[in-house]
Amino acid sequence: MKTHLYALGVWGVLAVVAAPASSSADTADSAFQDCDNCPQMVEIPSGSAVLGHEPYAANIKRGDIPLRDVTIDYRLALAAHETTVGQYRHFVETTGYAPIHEGCNTWDEVRIVGYVMSHTWHAPGFNQNEKHPVVCVSHVDATAYVRWLSDQTGKAYRLPSSTEFEYATRAGTRGPWFWGSDNRQACEYANVADHSFRRQFEYGPTFNCDDGYRRTAPVGSFAPNPWGLFDLLGNAWEWTEDCLHRDSTENIPVDGSAWLADDGGECDRRTPRGGSWVSGTDWVRAAAQAGDRAAYRSQLLGFRVALTLD
């Protein structure tokens with residue numbers, strides 16, 4: 001996962017989704033949980049939106065996808081939170097699941113250390129409790145979790161597509177952040193590289209605010225986006241189902257589906273979204289996506305689940 005951080009220009013936020021905005025009451029009514037240890041799910045509004053990077057945006061990355069009209073014409077639910085350490089622990093203890101390879105890419109105060117073999121999802125190299133987002137999990141590990149969750153519930157849980165993730169993150173907005181154009185507001189909504197980060201880490205510029213966390217925060221520690229979803233930006237990067245496409249300008253799905261092996265997709269690599277606690281204004285953007293090996297594990301990288309409803 002890249003961690004180079006740069007400044008970002010500022011622009012306004014525009015409503016673009018055809019579906020009506022959700023109130024907090026609407027969100028509560030649309031939330032459900034299929035079992036005691038299952039993630040809390042939130043049904044989000046269907047509709048149409050303009051996704052992708054603005055042509056005048058700063059910090060455009062090679063993997064960013066240009067503007068396109070997208071329509072989600074089916075009922076979609078996403079987990080309100082990133083999958084937690086406690087939820088993942090229940091899966092591991094129930095199934096005996098063990099990854100094929102150990103180790104986790106690790107950051108310290110001045111540099112990326114690289115893979116540390118003793119670091120795992122339950123001991124990532126810093127303190128977490130059961131409510132923190134599980135990190136040091138690969139796309140392979142996340143897929144094993146959603147398959148188990150599907151078996152437990154009889155429902156087809158999965159990872160979200162990259163398009164679904166951005167659609168849900170924006171929640172009817174344009175621009176880099178769903179909260180508006182001021183990067184000083186980031187710490188109300190996201191755990192990002194900020195003043196707390198700077199007190200421990202020497203590299204990279206930061207958001208001009210202080211969220212109080214130097215590494216991961218318990219899920220739901222910050223305000224949700226307008227659709228009642230937490231931590232879609234910041235805290236932990238999140239795996240999506242999409243395969244990596246070197247050419248991100250042609251044949252991009254606009255119906256919410258995952259972009260897989262068709263059109264040259266490299267499915268041994270996948271596309272995390274959302275940025276993390278180490279990410280600054282160049283990566284904590286609704287349009288930004290990374291590209292990592294499916295077997296990769298990082299202190300920055302976790303996941304949340306999605307579900308297509310009948």
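Here the structure is shown first, and the text comes after it.
Now for a quick tour of the structure. (Residues numbered from 1 in each chain as written. Predicted model: local features only at pLDDT ≥ 70, side-chain atom pairs only at ≥ 80, totals over all residues. Heavy atoms only, no water.)

1. Some points on the packing of helix α2 (residues 85-95) against helix α3 (residues 139-153)
- One can describe the packing of α2 onto α3 by two numbers: an axis separation of 11 Å at closest approach and a directional angle of 75°. It follows from the interaxial angle that α2 and α3 lie roughly perpendicular. Listed contacts from α3 to Gln87, Tyr88, His90, Phe91, Thr94 and Thr95 of α2 are Asp141, Ala144, Tyr145 and Trp148. (Axes fitted to C-alpha atoms, helices over the stretch in contact; angles between N-to-C directions. Helix = DSSP H or I, 4+ residues; strand = E, 2+ residues; numbered from the N terminus. Parallel < 35°, antiparallel > 145°, perpendicular 65-115°, else oblique. Contact = heavy atoms within 4.5 Å.)

2. Things to note about the sheet that holds strand β5 (residues 76-79)
- Spatially, the four strands line up as an open sheet ordered β1-β2-β5-β13, and their pairing is antiparallel. Only two strands of the sheet have a single partner each, and these edge strands are β1 (31-32) and β13 (306-308).
- In this structure, β5 lies alongside β13, joined through three bridges in antiparallel fashion. Bridge pairing in β13 links Leu76 to Thr308. (Pairing = 2+ DSSP bridges.)

3. Let's talk about the sheet that holds strand β11 (residues 292-293)
- Taking strand neighbours across the sheet as the criterion, the three strands line up as β9-β10-β11 in an open arrangement whose pairing is antiparallel. Looking at which strands have only one partner, the edges of the open sheet turn out to be β9 (243-244) and β11.

4. With respect to unusual backbone geometry
- In the Ramachandran plot, Asp231 falls in the positive-phi region, its phi being about 60° despite a non-glycine side chain.
- Here Asp231 lies in the loop between α6 (195-200) and β8 (237-238).
- We note that Asn251 has phi near 60°; this positive angle belongs to a residue other than glycine.
- With respect to the helices and strands, Asn251 occurs in the loop between β9 and β10 (266-270).

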